[in-house]
Each structure stands twice: as structure tokens, then as C-alpha cells.
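Next come the chains, spelled out residue by residue.
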Amino acid sequence: MTVPPQDDLSVVALAGGVGGARLVDGLDRTLPPDALTVVVNTGDDFRHWGLHISPDLDTVMYTLAGLSPEDRGWGIDGDTFYALAEAKRRGVDDWFQLGDRDLITHLSRTGALSRGESLTRATAELCKTLGVERPVLPMSDAPRPTSIVTQGGEELVFQEWLVKARAAPPVREVRHQGTDHTTQAVLAALTTADLVVICPSNPYVSIDPILTLSGVSDALRNTTTVAVSPILDGKAVKGPLATMIAEIAGREPSAEAAAMHYEGLLDGYAVHPGDAFDAPFPLLETNILIQSKEDRVVFARELIEFARSLR
Ligand code: FO1
């Protein structure tokens, strides 16, 4: 399918945590207003301290608001942790580091949901208070929790495996439970998109929860879809993906192994220099290490030009 000129381009980005948010930030700085919608994984959502936490939505919102710490990527830069210290003092769970400024996001979201608002509406309200103008859409309004089945046979809620258990227990299987319904807003964005960008997020735990929702993969097959490799030189920039590829797919972690996960969906793929392989679709081989704000913009421009060149 032909990608129209940049000004007319309607782009949907599918994103998970920190890596996804960085590319979304580059696209945000590159594309005109109304040209970008972000669909975010909510499989990581869980309850903690009685609050509804949506780590990936928050990482995307804070990054777009310019609030994220550049190195760590999640939470709010310069946040304090007095509440966390008090939790520790009182023997309350302190394995998940909620910052004091970050807390207002979780309190606001939990309040909105308990008043019967949808997660989509609650997210739009949070975006407004943070000055984020791009549409940021949760992948669903209903719970779809990701869990990890370890090779020892234990099933852990995703954040408990990732943060509490430090992603140490080897993974046998990733499960997506709960709803398989996305929202009208997501379907409308996907069916009118000229281009879908699968961000360099973890395919198993950040992108699969979105792709396995009813209608999403079909929408991707009907438009131009490009992905950015989450693996550079055999390693993930952040998180447990490299080990997961070895444990789940039984393959050496590589850009190619990550692309194979999206078999049948891709029209193009961006890889780091030296990571090119014999692919059934065009490759963009360029610097995809986009930690700094400058690198994010340079790469986002290249990616859009690449997508426009695909026919
Ligand atoms: N990640 C950690 O590794 N440790 C934490 O204590 C932690 C706290 C946290 C608080 C708010 C938030 O929005 C994200 C937070 N994250 C933390 C990141 C998050 O758990 C993961 O990066 C994502 O879920 C992976 O996509």
C-alpha cells in the first residue's frame, strides 16, 4: 500500500514501555498535529497500594510531557520517595517504587475509574493535566493482565515477575488473560491509518497484548506496517527481552528473531547497523539507539521517509 506524503500521513504507533515511549517522542517531534495516535499496552496494569497502576501509559505520557528521566525512562525525573520510605517503615509493600509526584497520576486514575469513567477517558484527562496533546489511547478499557509462567511452573503477575522477582525466574510462557476487545477509538485510528509503527518494545509482553486483541492484526494487514527492532547487536537496550527470546523461542536473540515474531504483518523493518539479514521485506539499516532526544528525532524522520518509500 502507498504511503502518502508526510503532511497527509496518519500514523498510529503501538508502544509499550521505555523503548516505545522514546520512539513515540521522536514521532511526536516530527509529525504535524493530528498526524499521530499512540496505542499503549495495558497488559502491565496492576493494583498496588489499592491504586490502579498503568506503567506503560504513564511512561508514554511522562515522556511526551518531557517529565521522564532520560536514563531510567520511567517515573518522573527528580521525583521524591517519601511515601515509599513511609511504606517501608510501616512494613507495607515497597518493591514497586512509586514516586510522590507520580502518585497523583495513580490517585487520579483510580478515582476516575471508581466514578465509572473508562480508562480511555481517564487517560485523556491525565494527558490534559500533563499538557500532552497527542491522543494516547489504552489498548483496551477492560483488564487484560499479562502473566509469566516460569519454567518452574509458577504463574506470576507481570510486574511481580519483572520488578519484584527482577525478571530472574526463567520464562516458559507468557499469558494474556481477560478481555480480547479493544476500543472503538483504537479501531477507528487503526482503520484510518496510512502507517502503523510497531515501536521497539518487547514483542512478548508489550506488543503481543495489543496485537492479539480482536481486529488489531487484521487492521495492520490492511495498511503499511513497519517495526523497529527491539534488539541491537544481540542485546535489548533495556529489559529482559534478549533472555526471553532464548527461553521462549529457543533462538539466539537478534533483530531477525524479533522480526520473525511479527511474521505476516510487516512491510518494512528498521535495524541497527550490522544487524541486517535476508528479509522478505525492505530493511532500514541505521542508528536505532535513540536514548537522546536528538537521536529520537533523527531516527523518526528516517523511519517516516523509509515508510513513504515502501510500495
Ligand atoms: N520498573 C522497575 O524496574 N522498578 C520499579 O520500581 C518501577 C516502578 C515504576 C513506577 C511507576 C511506573 O510508571 C513505572 C515503574 N517501573 C518500574 C517501570 C515498569 O514497571 C516497567 O518498565 C514496565 O512495566 C515495562 O514495560
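As the structure is a prediction and not an experimental result, all values here were calculated from the model.

Engineer: How would you sum up the packing of helix H1 (residues 18–30) against helix H12 (residues 293–309)? Please name residues and give values.
Structural biologist: When two helices pack together, their arrangement is given by the angle between the helix axes and by the axis-to-axis distance. Following both chains from N to C, one finds H1 and H12 inclined at 70°, their axes separated by 8 Å at the closest point. Classed by the angle they form, the pair H1 and H12 counts as roughly perpendicular. Contacts between H1 and H12 involve Arg22, Leu23, Asp25, Gly26, Leu27, Arg29 and Thr30 from the former and Lys293, Arg296, Val297, Phe299, Ala300, Arg301, Leu303 and Ile304 from the latter. Split into classes, the residues belonging to the contact of H1 with H12 amount to seven nonpolar, two polar and six charged.

Engineer: Could you give an account of the sheet that holds strand E9 (residues 195–198), with specific residues and numbers?
Structural biologist: Spatial strand order, E5-E2-E1-E9-E10-E13-E14: seven strands in an open sheet with parallel pairing. Whereas interior strands pair on both sides, the edge strands pair on one side only; in this sheet they are strand E5 (136–138) and strand E14 (283–285). With strand direction ignored, the average angle separating the axes of adjacent strands in the sheet is 20°. Alignment of strand E1 (residues 11–15) against strand E2 (residues 36–40), held across five bridges, turns out to be parallel. Bridged to alanine 13 within E2 is valine 38.

Engineer: Break down the side chain of threonine 30 for me, with residues and values.
Structural biologist: Along the chain, threonine 30 falls in helix H1. Of the polar contacts made by the side chain of threonine 30, one reaches the backbone oxygen of glycine 26; its length is 2.6 Å.

Engineer: Before we move on, can you summarise the site of the ligand with the specific residues and values?
Structural biologist: Around the ligand there are 14 residues in total, and Asp44, Asp56, Phe96, Gln97 and Gln159 lie nearest to it. A distance of 2.8 Å is found between an oxygen atom of the ligand and a side-chain nitrogen or oxygen belonging to aspartate 56. Side-chain polar atom of glutamine 159 to an oxygen atom of the ligand: 2.7 Å apart, as the coordinates give it. Computed on the free molecule, the ligand has an accessible area of 530 Å², of which 87% lies beneath the protein chains in the complex. Sorting the residues of the shell around the ligand by element identifies helix H2 (55–64) and helix H6 (158–164) as the ones contributing at least two each. In the shell around the ligand, the residues fall into seven nonpolar, three polar and four charged.

Rules used in this analysis
Residues numbered from 1 in each chain as written. Predicted model: local features only at pLDDT ≥ 70, side-chain atom pairs only at ≥ 80, totals over all residues. Heavy atoms only, no water. Axes fitted to C-alpha atoms, helices over the stretch in contact; angles between N-to-C directions. Helix = DSSP H or I, 4+ residues; strand = E, 2+ residues; numbered from the N terminus. Parallel < 35°, antiparallel > 145°, perpendicular 65-115°, else oblique. Contact = heavy atoms within 4.5 Å. Nonpolar A, V, L, I, M, F, W, Y, C, P; charged D, E, K, R; others polar. Pairing = 2+ DSSP bridges. Polar contact = N/O pair within 3.5 Å; in protein donor to acceptor, adjacent residues only side chain to side chain. Near = heavy atom within 4 Å. Areas by Shrake-Rupley, 256 points an atom, 1.4 Å probe, with all protein chains shown as cover.

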